[in-house]
Amino acid sequence: MKINNKTRLGAGFLTAILASAAIATTTVAHANSVTGSPEEQADITNWIANTPQQVSNNMAMQHINVNHLNGVRYVIQWGDTLWSISHATGISIAKLCYDNNIRNANMIYAGNVLILNRDGYVPDDFDPDIDPYVVAQTKVTINNGPQIVNINVQPDAIKQYYDNSNNSNTTNIYKANSDNSSQATSKKDDSDSDSEDSSSSSDISVSDIVDGLEKANDNDKLSFKEADDDSDIKDADELDIDSDDIAKDVKDKDYDDLLDKIKDALDSDDDSDVTIYVQEDGDEIHIYASSDKSDEDSNDSEDSSDSNDEDTDSDSSNQSADTNDDTEEDDD
Amino acid sequence: MRKGTKIVISIIVALLVIVGGFYIYASHAAAGHIPGHVYEYTSVSGNQKAYMTFAQSGDEVIVTPDKNKALQASNSTADFEKVYKAQAKEGKWNYKADGSKLTISKTQNKQVSLWQYNNVLVLGKKMHSSSFTYQIANAGQGLDKKATNFEQIK
């Protein structure tokens, strides 16, 4: 009888272990349905835009009735775009952005919750600067192997793109947006941490703009500095660039376009070194140019910011496609 | 050396040559097999599909979760261009097959992402890759030693 009891006890114990393992496996599998393993996250299927039908299917799996969308919470899936969500729900892109405080569509993340609300209105002056066709991004950098890789077989179109944009591949940053923004906005306070999905031009510091321009620049004669006070720009001339255009490029982080505007505004016949100063005045950004002679006086005070810029550049180039072979790995 | 031994060695050598030759052929056949065809791609997890219509000439490829759209694009060059242009707002896709590698790129908002499939073996209508190297804009880069499969559906 004692043996039987022991046997029963052992069988029960074994069953409990197996059951708990099965439950744990189920839980992990469910949790991974959005995030997934690094291998799954990097899979190309996650970076193809979902069709509205796929979004509808995803919503059905989350038990969301698209006919009753009054503050329903939807977990953003890989491949989702604001466009596809809008078409699947019938809620306008502007409404989705307004309800979810999205001002930059490049910043929707797989795994984040999107509030779906058909009721309510969007203020007339709400004009999010978005690209609704960008797929959901990742908050965590995807990597489980070598930190830097080299892709040596590249489509001709990409080679031409790099050639035409003159080493612009350094603007490609192969790590998560949230990691990038945490570096770039380290000086900001944390009061807006609950709205990390969005950013606006007012959230971007002058140092970010200077960094962005430095990375976009390929002209040795141009350098970029932050104008701390009016003494920095006393000998500089303000460039004739519309402040709205500057704000738009800054908001989009389209520093290539901003750099083009700066070059257009500069005197193309002037071969001297030019320092571009960026100054923030309230909500407006002003850009000034100073030729080499007038710049020398202020060099001392700007040395530290220069070194910071260089650090950022080298960091960025380490992540770029064309990094040198010494640390690269490839699977041949 | 005995005659029997010589025969065995000859057979082994012949088999090695055949297998080696087939491997070399299969591992360098992607570039010749891909143009103008539609492939069904199965993800690492095995539960996701994507469809890729490769241009008859050039380096453009349509990558979509919509099988019908992929098949429609393969009907003619005009259909391909029509679908490719319609999908450009969601990113432009290009490809390059060279040796045993197949790279697919996505360009959107001046950001380039690349997936290079390594050790691609062409086995009839199927292509098998043992790993892929990726550089995804604003996401990450690395090497995944997970197998993926492509199957020609048209």
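Residues numbered from 1 in each chain as written. Chains lettered and ligands numbered in written order. Predicted model: local features only at pLDDT ≥ 70, side-chain atom pairs only at ≥ 80, totals over all residues. Heavy atoms only, no water.

An unreviewed UniProt entry annotates chain A as Peptidoglycan-binding LysM originating from Lactobacillus rodentium.

## Considering the interface of chain B and chain A
Facing the 53 residues of chain B at the interface are 59 residues of chain A. Taken together, the two surfaces of chain B and chain A that pack against each other cover about 4500 Å², and 56% of this comes from carbon and sulfur. When the buried surface of chain B facing chain A is broken down by residue, Lys-110, Asn-138 and Gln-141 of chain B rank first, second and third, together holding 16% of it. Inspection of the chain B/chain A interface yields two salt bridges. Linking chain B to chain A there are 18 residue pairs in polar contact (both at pLDDT 80 or more). Breaking the side of chain B that touches chain A down by element, the ones donating at least two residues are strand 2 (49-54), strand 3 (61-64), strand 4 (92-98), strand 5 (101-108), strand 6 (111-118), strand 9 (131-136) and strand 10 (140-144) of chain B. In the side of chain B that touches chain A, the residues fall into 19 nonpolar, 22 polar and 12 charged. (Contact = heavy atoms within 4.5 Å. Buried area = accessible area lost by both parts, 1.4 Å probe. Salt bridge = Lys/Arg side-chain N within 4 Å of Asp/Glu carboxyl O. Polar contact = N/O pair within 3.5 Å; in protein donor to acceptor, adjacent residues only side chain to side chain. Helix = DSSP H or I, 4+ residues; strand = E, 2+ residues; numbered from the N terminus. Nonpolar A, V, L, I, M, F, W, Y, C, P; charged D, E, K, R; others polar.)

## Quick look at the pattern of salt bridges
For side chains of opposite charge, pairing can occur when their charged atoms come near one another. Evaluated as defined, the whole model comprises seven salt bridges over all chains. Across the pair Lys-110 of chain B and Asp-254 of chain A runs a salt bridge, and its minimum N-O distance is 3.6 Å. Here the residue Lys-110 of chain B occupies a position in the loop between strand 5 and strand 6, and Asp-254 of chain A occupies one in the loop between helix 9 (243-252) and helix 10 (255-265), the pair thus bridging two chains. Here Asp-257 of chain A makes a salt bridge to Lys-261 of chain A, at a shortest N to O gap of 2.5 Å. Of the two residues, Asp-257 of chain A and Lys-261 of chain A both sit in helix 10, four residues apart, roughly one turn of that helix. Taking relative accessible area as the criterion, Lys-261 of chain A reaches 23% and is therefore assigned partly exposed. Each of the salt bridges in this network shares a partner with another, and the network as a whole consists of Asp-249, Asp-257 and Lys-261 of chain A. (Buried < 20%, exposed > 50% of the residue type's maximum accessible area, 1.4 Å probe, protein only.)

## Comments concerning unusual backbone geometry
Residues and elements named next belong to chain B. With a phi angle near 50 degrees, Asn-119 is a residue other than glycine that sits in the positive phi range. Examined against the element boundaries, Asn-119 turns out to sit in the loop between strand 6 and strand 7 (121-123). With phi around 55 degrees, Asn-138 is a residue other than glycine that occupies positive phi space. Along the chain, Asn-138 turns up in the loop between strand 9 and strand 10. Owing to a relative accessible area of 16%, Asn-138 belongs among the buried residues under this scheme.

## Some thoughts on a nonpolar patch on the surface
On the surface, Met-1, Ile-9, Val-13 and Val-17 of chain B cluster together to form a nonpolar patch covering roughly 420 Å² of accessible area. Among the structural elements, Met-1 of chain B can be located in the segment before helix 1 (3-26). (Patch = residues over 30% accessible without salt bridge, like charges linked within 9 Å, V, L, I, M, F, W, Y side chains within 5 Å. Areas by Shrake-Rupley, 256 points an atom, 1.4 Å probe, with all protein chains shown as cover.)

## Some remarks on the sheet that holds strand 11 (residues 148-152) of chain B
Residue and element names in this part refer to chain B. In space, the six strands of this open sheet follow the order 3-2-1-11-8-7, with antiparallel pairing throughout. Where the open sheet ends on each side, the last strands, each with one partner, are strand 3 and strand 7. Taken over all neighbouring pairs, the strand axes of this sheet differ in orientation by 20 degrees on average, direction set aside. Relative to strand 3, strand 2 runs antiparallel, the two being bridged by four bridges. Note that in strand 3 the partner of Thr-53 across the bridge is Ile-62. (Pairing = 2+ DSSP bridges. Axes fitted to C-alpha atoms, helices over the stretch in contact; angles between N-to-C directions.)

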